[in-house]
Amino acid sequence: MIQVVHTIKEVREAVRQWRKEGLTVGLVPTMGYLHEGHKSLVDRAVKDNDRVVVSVFVNPMQFGPTEDLAQYPRDLAADTRLCEAAGAHLIFNPEPEEMYDEGFCSFVDMNGPTAELCGKSRPIHFRGVCTVVSKLFNIVMPDKAYFGQKDAQQLSVIRRMVKDLNFPIEIVPCPIVREADGLAKSSRNTYLNPQERQAALVLSRAVNLGRQCVENGERDTHKVVEAMKACIEQEPLARIDYVEAVDFQNIQKVDVVKGETLFAMAVYIGKTRLIDNFIVNI
Ligand code: PAF
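Residues numbered from 1 in each chain as written. Predicted model: local features only at pLDDT ≥ 70, side-chain atom pairs only at ≥ 80, totals over all residues. Heavy atoms only, no water.

## Some details on the nonpolar core
Alright, step 1. With 49 residues, the main nonpolar core has Phe92, Phe137, Ile158, Met161, Ile171 and Leu262 as its most contacted residues.
Alright, step 2. The leading source of residues in this core is helix α6 (residues 125-140), at nine residues.
Alright, step 3. What Phe92 contacts, discounting residues up to four positions off in sequence, is Val5, His6, Thr7, Ile8, Val11, Val53, Val54, Ser55, Val56, Met99, Leu136 and Ile139. (Core = buried A, V, L, I, M, F, W, Y, C linked by side-chain atoms within 4.5 Å. Buried < 20%, exposed > 50% of the residue type's maximum accessible area, 1.4 Å probe, protein only. Helix = DSSP H or I, 4+ residues; strand = E, 2+ residues; numbered from the N terminus. Contact = heavy atoms within 4.5 Å.)

Structure representation (structure tokens):
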């Protein structure tokens, strides 16, 4: 039976016991309201490790003042059922005060990869992500940690952080999971009304179009991006935050498709900001 704990002490005790038994530990960091995308991370972690910890924590530090922290969906009972069915062993669900006690004033920050893409419209976001993920790494001390490619910039940032700060943890990237009609799974999809849900398909249409352009031989990233933007602009409910091509390793803009190139977008559908992307390796 899965264990749900709320304190750092309880996580440390469970992990200490597992380590005594010589078991390996995987960590799946999440903000809860788990869907098939998260399940694919838990499945992979269960396959790779003897014990799996899933953290469920809506991290206030990574939300800007006008963002959807209060509105962010939560359902610990459903999350527990999903994790248990997938074979995870422990859910860590702390209160914000457990993670950030009074007087908290230390942060993990990064230059470079966090400045582009989502970093432009969400200036404090990655500082919050890097800080909480560092804390989770220090609390759980896993062998491996699992991150979805849907948050491609986050994945790249975490990899860089692990390298820069010498965390002895393997970062395992997991592919994007999509609905049958192509929409990338996201907890924020629940904000969409039926008309917006339909309109949101423009993101995966733009992804498919962009990928097709590259497969057809286009190497000028600006031309690929322009084609993707033109596709999105056909949808009246869509408003582009960004569509850009960057080097997946350092998240710096590139003019030519070469090496691992990330084409990433953030698009508002009504009030809901959705992201999607694809990576090519040439
Ligand atoms: O991807 C997420 O859900 C969050 O950014 C993470 C990694 C759990 C940190 O809060």
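## Details of the site of the ligand
Alright, step 1. Neighbouring residues of the ligand: Pro29, Thr30, Met31, Asn59, Gln62, Val129, Val132, Phe147, Asp151 and Gln154.
Alright, step 2. Within the side chain of Gln62, an N or O atom sits 2.6 Å from an oxygen atom of the ligand.
Alright, step 3. Gln154 has a polar side-chain atom sitting 2.7 Å from an oxygen atom of the ligand.
Alright, step 4. Its free accessible area being 290 Å², the ligand has 89% of it covered by the protein chains.
Alright, step 5. Of all the secondary-structure elements, those providing two or more residues to the shell around the ligand are β2 (25-30) and α6. (Near = heavy atom within 4 Å. Polar contact = N/O pair within 3.5 Å; in protein donor to acceptor, adjacent residues only side chain to side chain. Areas by Shrake-Rupley, 256 points an atom, 1.4 Å probe, with all protein chains shown as cover.)

## Here's the deal with the sheet that holds strand β1 (residues 3-5)
Alright, step 1. In space, the six strands of this open sheet follow the order β1-β4-β3-β2-β5-β6, with parallel pairing throughout. The sheet terminates laterally at β1 and β6 (170-174), the two strands that pair on one side only. The sheet shows a mean angle of 25° between the axes of neighbouring strands, direction not considered.
Alright, step 2. Bridge analysis of β1 against strand β4 (residues 90-92) gives three bridges, and the strand direction is parallel. Residue pairing in the sheet places Val5 in a bridge with Phe92 of β4.
Alright, step 3. With respect to the sheet, helix α1 (residues 8-20) is in contact with β1, β2, β3 (51-56) and β4, its orientation differing from that of β4 by roughly 150°.
Alright, step 4. Across the sheet, α6 lies against β2, β3, β4, β5 (144-148) and β6, angled at about 150° from β2, the strand it touches most. (Pairing = 2+ DSSP bridges. Axes fitted to C-alpha atoms, helices over the stretch in contact; angles between N-to-C directions.)

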